[in-house]
Amino acid sequence: MAAALDLIGKVYEDRGDNSNALQNYAQSLSLKREIEDKDGVATSLGYVAKIYLKEKKLKDELENANNSIAVSREINSSNDVMEAERVLSDIYLAEGNIGEGMEHYKKYTHLQDSIYGPKNTKKVVQAQLNFEFEMKRAMEKAQREKEDAIYRQELIGLAVFSLFLLFIISLLLLIRRQKNIISEKRNQILLLNLIKGG
C-alpha cells in the first residue's frame, strides 16, 4: 500500500501537483513508520523533502532531509544517504548558504562515486556478464535437454511403430499360412472325395 502511495505521489509530482504528491508521500511515510520499515521511511522522507524544496518550504525540507539522512545511516542505506545529501545541498544553495551547500554536494558526489564509481561499475558489469553467461549456458542446457527429450520420444515412437509393423507382418504371415493350410486341407478333402467317388 505504501509503495502504491509513493507511485501515486510520483505521478502527481511529475504533473506538477505538489500538494497531492505531498499528501500521498506523507500517507506512505505514515504507513512505513507504522510497520517500522526504516528503509521505506528514509526513502519517503527524501520524497517529502524534494516537494518541500519545490514549494520553497526550506525549514520543513531541511528537517525531512536531516531525518532521512539519520534513518538512512542507521540502516546503512548508501543510496538514500546519497539522495538526502543531494537534497540538503539543494536546500542550502537555495537559502544562499553556499558553504553548507557545497559541503553536502561533496558528500553527495563522494557517495555517488563510491556507489557508482569505476571499480563498482566494473564489478557490476562483470556480475552482469557472468549472469548473462550463466543464463545463456542454462538456456543452452535446457535446449539440449529438450532436444534430447524429443529425440528419445522419436526413438520410442519409432520403436513402437516398428513393433506394430512387425506385429502386422507376423499377423499377415500367420493369416497367409492359415489360408495355405486351409487350402491344403480343402484340396485333400476334394481329392479324397474324388477317390471315394470314383
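Student: Explain the overall build of the chain to me, please; I cannot follow it from the model alone.
Tutor: When helices and strands are tallied, the chain shows 7 helices and 0 strands. Put simply, the chain runs from its N terminus to its C terminus through helices and strands in the order α-α-α-α-α-α-α. The C-alpha atoms of the chain give 41 Å as radius of gyration, which overshoots the globular expectation for 198 residues (16 Å, by more than 25%). Principal-axis analysis of the C-alpha atoms places the extent of the chain at approximately 140 × 40 × 30 Å.

Student: Would you take a moment to explain helix H6 (residues 98-116) for this structure?
Tutor: Every α-helix winds through 3.6 residues per turn, so residues three or four apart in the chain are directed the same way. The terminal C-alpha atoms of H6, which comprises 19 residues, lie 26 Å apart, in line with the 27 Å expected from a rise of 1.5 Å per residue. Residues of H6 that are buried include every one of Gly 101, His 104, Tyr 108 and Leu 111, and no others. One side of H6 holds all its buried residues, which, seen down the axis, span an arc of 95°. Those residues of H6 that are exposed and aimed more than 90 degrees away from the buried face are Ile 98, Gly 99, Lys 106, His 110 and Asp 113. In this structure, the buried residues of H6 make contact with helix H5 (78-95).

Student: Can you help me understand a nonpolar patch on the surface in this one?
Tutor: Taken together, the side chains of Tyr 151, Leu 155, Leu 158, Phe 161, Leu 165, Ile 169 and Leu 173 make up a nonpolar region of the molecular surface, amounting to roughly 690 Å² of accessible area. With respect to the element layout, Leu 155 can be found in helix H7 (residues 118-197).

Student: Would you explain the environment of Ile 69 in this entry?
Tutor: Counting through the fold element by element, Ile 69 comes out in helix H4 (residues 58-74). The class of Ile 69 is buried, set by a relative accessible area of 5%. For the pair formed by Ile 69 and Glu 83, sequence separation is 14 residues and the distance between their alpha carbons is 8.7 Å. Sequence-distant contacts of Ile 69, defined by excluding residues within four places in its chain, comprise Val 81, Ala 84, Glu 85 and Leu 88.

Student: What should I look at first to understand the side chain of Glu 85 in this one?
Tutor: Topologically, Glu 85 is positioned in helix H5. When residues no more than four places from it in sequence are discounted, the contact partners of Glu 85 are Ile 69, Arg 73, His 104, Lys 107, Tyr 108 and Leu 111.

Student: What should I look at first to understand the environment of Arg 15 in this one?
Tutor: Within the secondary structure, Arg 15 sits in helix H1 (residues 2-15). Sequence separation between Arg 15 and Thr 109 is 94 residues; the distance between their C-alpha atoms is 28 Å.

Student: Would you explain the nonpolar core in this entry?
Tutor: Nonpolar side chains in soluble globular proteins generally cluster together in the buried interior. By size, the foremost hydrophobic cluster in this structure holds 8 residues: Ala 49, Ala 65, Ile 69, Ala 84, Val 87, Leu 88, Ile 91 and Tyr 92. Considering every element that reaches this core, the biggest residue donor is H5, with 5 residues. If you look at the next biggest cluster of nonpolar residues, it comprises 6 residues, including Ala 21, Leu 22, Val 48 and Ile 51.

Student: Even after reading the chapter, I still don't get H5, so can you show me in this structure?
Tutor: For H5, with 18 residues, the first-to-last C-alpha span of 26 Å sits near the 26 Å given by 1.5 Å per residue. What H5 keeps buried is the set Asp 80, Val 81, Met 82, Ala 84, Glu 85, Val 87, Leu 88, Ser 89, Ile 91 and Tyr 92.

Student: Before we go on, may I ask you to explain the confidence of the model for the chain in this structure?
Tutor: Do not read the predicted coordinates in detail wherever pLDDT is low. Chain-level pLDDT for the chain is 81 on average; 91% of the residues reach the 70-or-more range. When the elements of the chain are averaged for pLDDT, H4 gives the smallest value, 72, and H7 the largest, 86.

Student: Please clarify how the packing of H5 against H6 should be interpreted in this entry.
Tutor: Contact geometry of H5 with H6 gives a least axis separation of 7 Å together with a crossing angle of 155°. The orientation of H5 relative to H6 falls into the category roughly antiparallel. Regarding H5 and H6, the two cross each other, and that crossing is left-handed. On H6, the residues that touch Ser 78, Asn 79, Val 81, Met 82, Glu 85, Arg 86, Leu 88, Ser 89, Tyr 92 and Leu 93 of H5 are Ile 98, Glu 100, Gly 101, His 104, Tyr 105, Lys 107, Tyr 108, Leu 111, Gln 112, Ile 115 and Tyr 116. Looking at the contact of H5 with H6 residue by residue, the class counts come to 11 nonpolar, 6 polar and 4 charged.

Student: Which parts of the structure should I look at to understand the packing of H1 against helix H2 (residues 18-34)?
Tutor: The packing of two helices is summarised by the inter-axis angle and the distance between the axes. At their nearest, the axes of H1 and H2 sit 8 Å apart, and the two run at 165° to each other. The orientation of H1 with respect to H2, classified from their angle, is roughly antiparallel. Judged by the twist between their axes, the crossing of H1 over H2 is left-handed. Between H1 and H2, the residues in contact are Ala 2, Leu 5, Asp 6, Ile 8, Gly 9, Lys 10, Tyr 12 and Glu 13 and Asn 18, Asn 20, Ala 21, Asn 24, Tyr 25, Gln 27, Ser 28, Leu 31 and Lys 32, respectively. Considering only residue class, the contact of H1 with H2 consists of 7 nonpolar, 6 polar and 4 charged.

The rules we used
Residues numbered from 1 in each chain as written. Predicted model: local features only at pLDDT ≥ 70, side-chain atom pairs only at ≥ 80, totals over all residues. Heavy atoms only, no water. Helix = DSSP H or I, 4+ residues; strand = E, 2+ residues; numbered from the N terminus. Rg over C-alpha atoms; globule rule 2.2 N^0.38 Å. Expected span 1.5 Å × (residues − 1). Buried < 20%, exposed > 50% of the residue type's maximum accessible area, 1.4 Å probe, protein only. Arc of directions from axis to C-beta. Contact = heavy atoms within 4.5 Å. Patch = residues over 30% accessible without salt bridge, like charges linked within 9 Å, V, L, I, M, F, W, Y side chains within 5 Å. Areas by Shrake-Rupley, 256 points an atom, 1.4 Å probe, with all protein chains shown as cover. Salt bridge = Lys/Arg side-chain N within 4 Å of Asp/Glu carboxyl O. Core = buried A, V, L, I, M, F, W, Y, C linked by side-chain atoms within 4.5 Å. pLDDT = per-residue confidence, 0-100. Axes fitted to C-alpha atoms, helices over the stretch in contact; angles between N-to-C directions. Parallel < 35°, antiparallel > 145°, perpendicular 65-115°, else oblique. Left-handed = near helix turned anticlockwise from the far one by under 90°. Nonpolar A, V, L, I, M, F, W, Y, C, P; charged D, E, K, R; others polar.

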